[in-house]
Amino acid sequence: MLTQAEDRQAKIVELLREKSFLDLRTLTERLDVSVATVRRDLGELEELGLLRRTHGGAVSVNQVALDATNAARLVWKQTEKAAIADVVAGMVVDGDTVLLDAGTTALEVAKKLVGRKSLTLISNGLDIVAELTRVEGQSIYSIGGEYSETNRSFRGPLAEHFIRQFNVDKLILNAASIDVDRGLICTSTPVNASIARVMMEVSRRVVVVADHSKFTKSSLSVIGKIEDVGVVVTDAGSKSIIDAAPEKLRKKFVIAN
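One structure accompanies this document, and this report is about it. (Residues numbered from 1 in each chain as written. Predicted model: local features only at pLDDT ≥ 70, side-chain atom pairs only at ≥ 80, totals over all residues. Heavy atoms only, no water.)

1. What to know about the overall build of the protein chain
- Each helix and strand counted, the protein chain has 11 helices and 17 strands in total.
- Against the compact-globule benchmark of 18 Å for 257 residues, the protein chain has a radius of gyration of 20 Å, which places it among compact chains.
- For the protein chain, the C-alpha atoms occupy an extent of roughly 70 × 30 × 30 Å along the three principal directions.
- The 257 residues of the protein chain split such that 53% are buried.
- Of the contacts made within the protein chain by residues no fewer than 6 positions apart, 65% connect residues no fewer than 24 positions apart.
- As presented, the protein chain carries roughly 12,300 Å² of accessible surface, and 49% of it is formed by carbon and sulfur atoms.
- Charged side chains in the protein chain number 34 positive and 34 negative. The centres of these two groups are separated by 2 Å. (Helix = DSSP H or I, 4+ residues; strand = E, 2+ residues; numbered from the N terminus. Rg over C-alpha atoms; globule rule 2.2 N^0.38 Å. Buried < 20%, exposed > 50% of the residue type's maximum accessible area, 1.4 Å probe, protein only. Contact = heavy atoms within 4.5 Å. Areas by Shrake-Rupley, 256 points an atom, 1.4 Å probe, with all protein chains shown as cover. Lys, Arg positive; Asp, Glu negative; His and termini not counted. Charge placed at Lys NZ, Arg CZ, Asp CG, Glu CD.)

2. Things to note about the sheet that holds strand β12 (residues 184–187)
- Taken in spatial order, the three strands line up as β11-β12-β15 in an open sheet, and their pairing is antiparallel. What marks the edges here is a single partner per strand, and that holds for β11 (177–179) and β15 (221–225). Neighbour-to-neighbour, the strand axes of the sheet open up by a mean angle of 30 degrees, direction not taken into account.
- For β11 and β12, the ladder comprises three bridges, and the chain directions are antiparallel. Each bridged residue has a counterpart across the sheet, and for Asp 179 the counterpart in β12 is Leu 184.
- Across the face of the sheet, helix α9 (residues 190–201) comes into contact with β12 and β15 while running at roughly 20 degrees to β15. (Pairing = 2+ DSSP bridges. Axes fitted to C-alpha atoms, helices over the stretch in contact; angles between N-to-C directions.)

3. Some words on the packing of aromatic side chains
- Counting across every chain of the model gives four aromatic pairs.
- Taking 5.3 Å as the distance between ring centres and 50 degrees as the angle between the ring planes, the aromatic pair formed by Tyr 147 and Phe 154 counts as tilted.
- By relative accessible area, which is 18% here, Phe 154 ends up buried.
- Grouped by ring-pair contacts, the aromatic residues Tyr 141, Phe 162 and Phe 166 constitute a single cluster. (Phe/Tyr/Trp six-rings, centres within 6.5 Å; stacked < 30°, edge-to-face > 60°.)

4. A look at the pattern of salt bridges
- All told, the structure shown has 15 salt bridges when counted by the stated rule.
- For Lys 11, the salt bridge identified is with Asp 7, shortest N-O distance 3.4 Å. Of this pair, Lys 11 and Asp 7 are both found in helix α1 (residues 4–18), four residues apart, which corresponds to roughly one turn of the helix.
- Owing to a relative accessible area of 33%, Asp 7 belongs among the partly exposed residues under this scheme.
- Linking Glu 201 and Arg 164 is a salt bridge whose minimum nitrogen-to-oxygen distance equals 3.6 Å. (Salt bridge = Lys/Arg side-chain N within 4 Å of Asp/Glu carboxyl O.)

Written as structure tokens, this is what we have:
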């Protein structure tokens, strides 16, 4: 027979299967216990590897160690990605040089920028370059290097050398996960993290694009700190996690409706 604590903890794990983030207030109301009791339960569950505590609650554990293919990710969170792309495209002004990191959310941004002839556009993503070249008249640069079929991108030392030749106004950067509690932007592999950091080095302003699913995942490799980027554009599904974040980080987020 389960003890009261074991019963509560089992309910917490089950609730996280239904909703990937739970704040402390919701947990105290659902379980009818004090905040101190909930925090103790979360601490014990984190030690067992069943969840990850955040500043204002807990998220389910979902480690990203390997990227899904572009074909698979293209059908995930399409509505949210389109909303994010609308906001990001509005941040790009005439005359900008824009570097687009390979990925499906950045691809949605590329679709919004096609035909804007005053822009200079650079990408290491094969699908993004293909999208941009549908219309003549734009200044487009394609980054070469070692090809990765997983996300149809070019990376590695040659790609990094190519990127360092540019002076970029805005970088549209994808992320595999956003760790709000620790203030980190992460990706799946050291190779991906390395090229992302080089992109940040040459860019005046970094715009991270991440739908709400990225806020409940964990990834192997750290790209950088949230406080070091210009802004993180996400969708309304991330609001509860962002609201529970430390105040100094909340100002970094823009929520696309």
